[in-house]
Every structure is written in C-alpha cells, then in structure tokens.
Amino acid sequence: MTPSLIHDDMLIGDVLARYPESAQIMQDFGLSCTSCSVNSFEPIRAGALSHGMPEENVDQLMEALNELATARQQSLKDGFYVTSKAAEKIQEFAETEGKSGQALRITAHDNNGMEPAYTMDFEEEPKKGDKTFEFHGVKVHLDAESVKNLNGAEVDYLDTSYGSGFKIYNPQFTGGGCGNTGGCGCGSGESGGGCGCH
C-alpha cells in the first residue's frame, strides 16, 4: 500500500498551499471552507466532520487528496505533469471524437531556441522510443525530444471569462508559443478533429 502523503491531522490551509488543486477536490466533497480564514488552523478530518460530512465521505475525500498528492510526487520525478482539470477535459474531448481510452500525444520539438509549437492529438499505441506518462486516468505519449522540451512543464485547462483551452506552462521558455501566451485546444483544427495549439 502506498504511504499516505496527506494525513487526517494536516491543516486544511497547509494542504491547499502545497496542493492548490486540492481546493476543487474539497469543494466537490462539500468542504467549502477552502477560502476562509478558518482553514489555517483546522485539520482536514476534524474540519470535514464539523461541517457535517459523513465519516465514509471523509475517508473518500482523504483518498482523493492522496491520489492528487501521489500524482504530484510522481511528477517531480518525471519532470512533467497534467492537472486533474486538464485530464478531465482530455477525456471529454476523446469521448466527443469517438476516441475514448486513447492516449494523448503531445509534441514539443526544437524551435531554434524558442518555445516549441506544441501539437496534441489522440492515438491508441505509443511509438518506438516514446515515454508514457499517466495522470488521473489519462495516458500521455511523448517522444524523446518532447520529453526534453517539456521537462518541468505542466499541462492545465483554463476556463475564464476571456476564453478556455489547454495551457502548457513551460519554465524552460519565457515567451512565445502557446505555452505562455495562448492555449492548446482539442478539436480546434480546420477539420475540427484532434488536439492542437491555437
């Protein structure tokens, strides 16, 4: 059994600071004190129980939080991460395109020292030399060059009043490309299929 990274007696505020994505998980379980001052001194289990959450649901919350923490810990080793929100959207787009269960290929090839022009598409099997990652139930295939260029990067999905789409945060590059100034979207090509940057 994988050791728990998040324990019952950890303060809600500490968990939020270390794992920002945990706010959405807590809210999904009905723990709404993620943005109030109380979370700085209230332990997770005690806080959840005091808000009327059944013991069984608290156990499920702790399991979900530890899944997030484990994925984050693995991402530090792998040097690449896909957020739970992005994974959820990848699965939605795959289903829409009739490609449920397929992996996502992200390509980030050398671009004369500038940020790569990322491309995204679905495929069933990895190619020779690929490295396969898995985050929140979604597999991602990267070739060797893309592994190098995406080292330290994070794929997220943003939904704001200014628009929505996939976002690749890549600390190796500081300007240009869809990683910092634009977005990557599925079904955005001329044919309306696949995932690509726009």
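Calculation rules
- Residues numbered from 1 in each chain as written.
- Predicted model: local features only at pLDDT ≥ 70, side-chain atom pairs only at ≥ 80, totals over all residues.
- Heavy atoms only, no water.
- Helix = DSSP H or I, 4+ residues; strand = E, 2+ residues; numbered from the N terminus.
- Buried < 20%, exposed > 50% of the residue type's maximum accessible area, 1.4 Å probe, protein only.
- pLDDT = per-residue confidence, 0-100.
- Contact = heavy atoms within 4.5 Å.
- Lys, Arg positive; Asp, Glu negative; His and termini not counted.
- Salt bridge = Lys/Arg side-chain N within 4 Å of Asp/Glu carboxyl O.
- Polar contact = N/O pair within 3.5 Å; in protein donor to acceptor, adjacent residues only side chain to side chain.
- Expected span 1.5 Å × (residues − 1).
- Arc of directions from axis to C-beta.
- Phe/Tyr/Trp six-rings, centres within 6.5 Å; stacked < 30°, edge-to-face > 60°.

As for the overall build of the protein
And then number 1: Per the secondary structure count, the protein includes 7 helices and 9 strands.
And then number 2: When each of the 198 residues of the protein is scored for burial, the buried share is 42%.

Comments concerning the environment of asparagine 57
And then number 1: Turning to its location among the elements, asparagine 57 is positioned in helix H4 (residues 55-78).
And then number 2: The sequence separation of asparagine 57 and phenylalanine 29 amounts to 28 residues, and the corresponding C-alpha distance is 7.5 Å.

Focus: the confidence of the model for the protein
And then number 1: Per-residue pLDDT for the protein has a mean of 80; in total, 78% of the residues score no lower than 70.
And then number 2: Here residues 175-183 is modelled with pLDDT under 50, and outside its nearest four sequence neighbours on either side it reaches 30 contacts, counting other chains as well.
And then number 3: The low-confidence segment residues 185-198, where pLDDT is below 50, has 38 contacts with residues more than four positions distant or belonging to other chains.

What to know about the side chain of glutamate 115
And then number 1: With respect to the secondary-structure elements, glutamate 115 resides in the loop between strand S2 (103-107) and strand S3 (119-123).
And then number 2: The side chain of glutamate 115 is buried and forms no salt bridge, while lysine 167, the nearest opposite charge, is found at 8.3 Å.
And then number 3: Side chain to side chain, glutamate 115 and tyrosine 118 meet in a polar contact 2.7 Å long.

Structural notes on the pattern of salt bridges
And then number 1: The final tally for this structure, using the stated rule, is 8 salt bridges.
And then number 2: For the salt bridge of glutamate 92 with lysine 89, the shortest nitrogen-to-oxygen distance reads 3.3 Å. Of this pair, glutamate 92 and lysine 89 both sit in helix H5 (residues 84-96), separated by 3 residues, roughly a single helical turn.
And then number 3: On the basis of relative accessibility, which here comes to 35%, the residue glutamate 92 falls in the partly exposed class.
And then number 4: Between arginine 105 and aspartate 130 there is a salt bridge; the shortest N-O distance is 2.2 Å.

Overview of H5
Because an α-helix packs 3.6 residues into every turn, residues spaced three or four apart end up facing the same way.
And then number 1: Helix length check: H5, at 13 residues, gives a terminal C-alpha distance of 18 Å against a target of 18 Å (1.5 Å per residue), a fit within 8%.
And then number 2: Along H5, the residues classified as buried are Ala86, Ala87, Lys89, Ile90 and Ala94. End-on, the buried residues of H5 take up no more than an arc of 165°, which puts them together on one face. Opposite the buried face of H5, at more than 90 degrees from it, the exposed residues are Glu95 and Thr96.
And then number 3: One or two steps after H5, the chain reaches glycine 98, where phi turns positive at roughly 70°.

Examining the environment of serine 4
And then number 1: For serine 4, the location among the structural elements is in the segment before helix H1 (12-18).
And then number 2: For serine 4, a relative accessible area of 39% translates into the label partly exposed.
And then number 3: In sequence terms serine 4 and methionine 62 are 58 residues apart; their C-alpha atoms lie 9.0 Å from each other.

Section: the packing of aromatic side chains
Centre-to-centre distance and the angle between the planes together describe a pair of aromatic rings.
And then number 1: One pass over the structure, following the stated rule, counts 6 aromatic pairs.
And then number 2: Pairing phenylalanine 133 with phenylalanine 135 gives two aromatic rings, centres 6.1 Å apart and planes at 15°, and the pair type is stacked. The pair formed by phenylalanine 133 and phenylalanine 135 is uniform in burial state, with each residue classed as buried.

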